[in-house]
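Chain residues, written in single-letter form:
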Amino acid sequence: MSRTTRLFDLMQVLRRHRKPVSGKNLAQELGVSLRTLYRDIADLKAIGAHIDGEPGLGYVLSPGFMLPPLMFSAEEVEALALGLKWVERRADHELASAATDVLAKVGAVLPPELSYKLEDSSLIVGSGFVRPLSVELTQLRRAIREECKISIRYRDRSGSHSARTIWPFALGYFESMRMLAAWCELRQDYRQFRLDRIESATLLGEHYPRRRHDLRKEWLASLGPEVRSSADLLPEQPSRLSSEKLVTENKASVAPIARKTLLPQSVSIRDYDLSVVNNNMEKRMEQEIILYTHPYSRGGIVLWMLEELGVPYRLEYLEYGQSMKGQEYLAINPMGKVPAIRHGDVIVTEAAAICAYLADQFPEAGLAPALNLRADYYRWLFFAAGPFEAAAGLSLCKVELNPEQEMQLGCGRLDTVVDTLAGAVRGRQYIAGDRFSAADIYVGSHIGWGMQFGTLEKRPEFVGYWDGLKNRPAHLRTEQMIEKALTKHAWAGI
């Protein structure tokens, strides 16, 4: 190892320690003798390094000191270029400009054999998808930096509006959204706000009464141990299915057992009184129900179905492209998609099929009509799963069908499908008779999502039908669980 490399490594080690560290420990970490270490510290001091301490007391590097650039490895240059280029493309204008300036400054002091890699990197940052914002990120970053309160007008998941005064302390840059973590004076609790739902934000010019660092620490603790602080980051573990298990006992809270998962999530369920159900029901409930899902998936439909049933179940959250494509889950669903359920030894995939299966397995819940009254139930359950989803998917991919293709494909044109569905729910509280059923869960979910995300026109028929479903207690519980899971999923690993 050259002397220059050794001095650079010593600086890197000192930067990692915020408190004095003994010469003996430094020497062991660097693999040099104590005598060599003392000589290297003296050399660093001679070229301007602000290192406090002496033998027997330990050493610490003064905050803010930076060595003149010595060297970067090729991988370090590529990491630097990739990170800065991401900021150039994905951050607000001020941060993007700052990233460009940093690239120029670093390139100016790198040796020629490395500087070209900043401009000639083969690592490319894609444009990504970020929802349009009504607020300036520079304003929010300033509020965080100066620990100032801001007043916002916020639209929640259901479309309701509220005015909030918040204490912002963290801004999350995620693949398709930006999120603001803050203390909310209205709710008297920590909240995470999606920036695409903040309609306006005003700096109040008033400092909030606590330090940002303390708020962030408390907030991380409130999210649970699965969301780790940056000081506790561990090497990434191989993707695996969750080992979380839920235990219930007579109105006691649900308790998670030793769990290791990309996104652990406890489920709040209603206790089921086994003393009043028949033996068949008891046997079915003894067979564990596992729902394999992801917060951004159709698994929310099945989650609503399970909440309506009121039976115990366990959630296994999987990651797209990771555990969802792992061999363990592919043995359950070779498609590598969610949702899927395991009920005892039975595996069922596809959200509509799962809803129909669960309704039949737990007839006491009354979520399937009598066999002689199931015509509309089956028709509209599978109309939504078939023609509606197919036509909506083609439209989302901007595929226009010509007359020949309309005959070849079973879904037909989207406008025809939408007209048909509107006629089915017009003037009706439920889509399959005079009682709520699993078909309403499936059809209603698609109508609600479509209107929420702008893929389905807010026709009076759809608005009226969805208004009659969305405030069911089981659906509200489902929405709360999904919102919590989305929050944990977004902030996991920070």
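Residues numbered from 1 in each chain as written. Predicted model: local features only at pLDDT ≥ 70, side-chain atom pairs only at ≥ 80, totals over all residues. Heavy atoms only, no water.

**Examining the pairing of strand S6 (residues 189–194)**
Rule in force here: When DSSP finds two or more bridges between two strands, those strands count as paired. Elements are defined by DSSP. Helices are runs of H or I of four residues or more, strands are runs of E of two residues or more, and each kind is numbered from the N terminus.
Across six bridges, strand S5 (residues 178–184) lies against S6 in antiparallel orientation. The partner of Cys-184 across the bridge, within S6, is Asp-189. Adjacent in sequence and paired antiparallel, S5 and S6 are bridged by four residues, among which Gln-188 carries a positive phi angle near 50 degrees.

**Focus on unusual backbone geometry**
Val-338 connects to Pro-339 through a cis peptide bond whose omega is 10 degrees. In this structure, Glu-350 is a non-glycine residue whose phi angle is positive, near 75 degrees. Within the secondary structure, Glu-350 is located in the loop between strand S13 (346–349) and helix H12 (351–361).

**Some thoughts on the side chain of Thr-293**
Applied cut-off: Partly exposed describes any residue whose relative accessible area lies between the buried limit of under 20% and the exposed limit of over 50%, with all areas from a 1.4 Å probe on protein chains only and scaled to the type maximum. It only takes one pair of heavy atoms within 4.5 Å for two residues to be counted as in contact.
By secondary structure assignment, the location of Thr-293 is in strand S10 (residues 289–293). Thr-293 gets classed as buried once you look at its relative accessible area, which sits at 5%. What Thr-293 contacts, discounting residues up to four positions off in sequence, is Gly-299, Leu-315, Glu-316, Tyr-317, Leu-318 and Val-338.

**Notes on the packing of helix H13 (residues 375–396) against helix H16 (residues 438–453)**
The relative placement of two packed helices comes down to the angle between their axes together with the axis-to-axis distance. Put simply, the rule is: Every axis in this analysis is a line fitted to C-alpha atoms, fitted for helices over the stretch in contact. Angles between the N-to-C directions lie between 0 and 180 degrees. Throughout, the term roughly parallel applies to angles under 35 degrees, roughly antiparallel to angles over 145, roughly perpendicular to angles from 65 to 115, and oblique to all others. Throughout, a crossing is termed right-handed when the near helix is turned clockwise from the far one, and left-handed when it is turned anticlockwise from it by less than a right angle. Residue classes follow a fixed rule: Ala, Val, Leu, Ile, Met, Phe, Trp, Tyr, Cys and Pro count as nonpolar, while Asp, Glu, Lys and Arg count as charged, and any other residue, Gly among them, counts as polar.
Orientation of H13 relative to H16, taken along the N-to-C sense of each, is 25 degrees, at an axis distance of 8 Å. By the angle between their axes, H13 is roughly parallel relative to H16. When you trace H13 past H16, the crossing you get is left-handed. Along its contact with H13, which presents Tyr-377, Trp-380, Leu-381, Ala-384, Ala-385, Phe-388 and Glu-389, the element H16 presents Ala-438, Ala-439, Tyr-442, Val-443 and His-446. Looking at side-chain class alone, the contact of H13 with H16 contains 10 nonpolar, one polar and one charged residues.

**Some thoughts on the packing of aromatic side chains**
Let me state the cut-off plainly: Two rings from Phe, Tyr or Trp (for Trp, the six-membered ring) form a pair when their centres are within 6.5 Å of each other. A pair whose planes differ by under 30 degrees is stacked, one over 60 is edge-to-face, and the rest are tilted. Look at NZ for Lys and CZ for Arg. If either is within 6 Å of the ring centre and within 35 degrees of the ring normal, a charge sits over the ring.
Inspection of the entire model under this criterion finds 15 aromatic pairs. Taken together, a centroid distance of 6.3 Å and an interplanar angle of 35 degrees make the contact between Trp-304 and Phe-436 tilted. Taken together, the residues Trp-304 in helix H10 (residues 299–309) and Phe-436 in the loop between helix H15 (414–425) and H16 connect sequence positions 132 residues apart. Under the relative-accessibility criterion, Trp-304 is labelled buried at 0%. Measuring from ring centre to ring centre gives 6.3 Å for Tyr-378 and Phe-382, while their planes differ by 20 degrees; the resulting arrangement is stacked. On the criterion of helical spacing, the pair formed by Tyr-378 and Phe-382 is a turn pair, its members being four residues apart in helix H13. These aromatic residues form a ring-pair network of at least three members: Trp-167, Phe-169, Trp-183, Tyr-190, Tyr-208 and Trp-219. If you follow Arg-472 out to its NZ or CZ, it ends over the ring of Phe-436, 3.6 Å from the centre.

**Let's talk about the environment of Arg-413**
Its place among the elements puts Arg-413 in the loop between helix H14 (403–408) and H15. The spacing of Arg-413 and Ala-391 is 22 residues in sequence and 6.3 Å in space, taken between C-alpha atoms. Not counting chain neighbours up to four residues away, the residues in contact with Arg-413 comprise Leu-401 and Glu-406.

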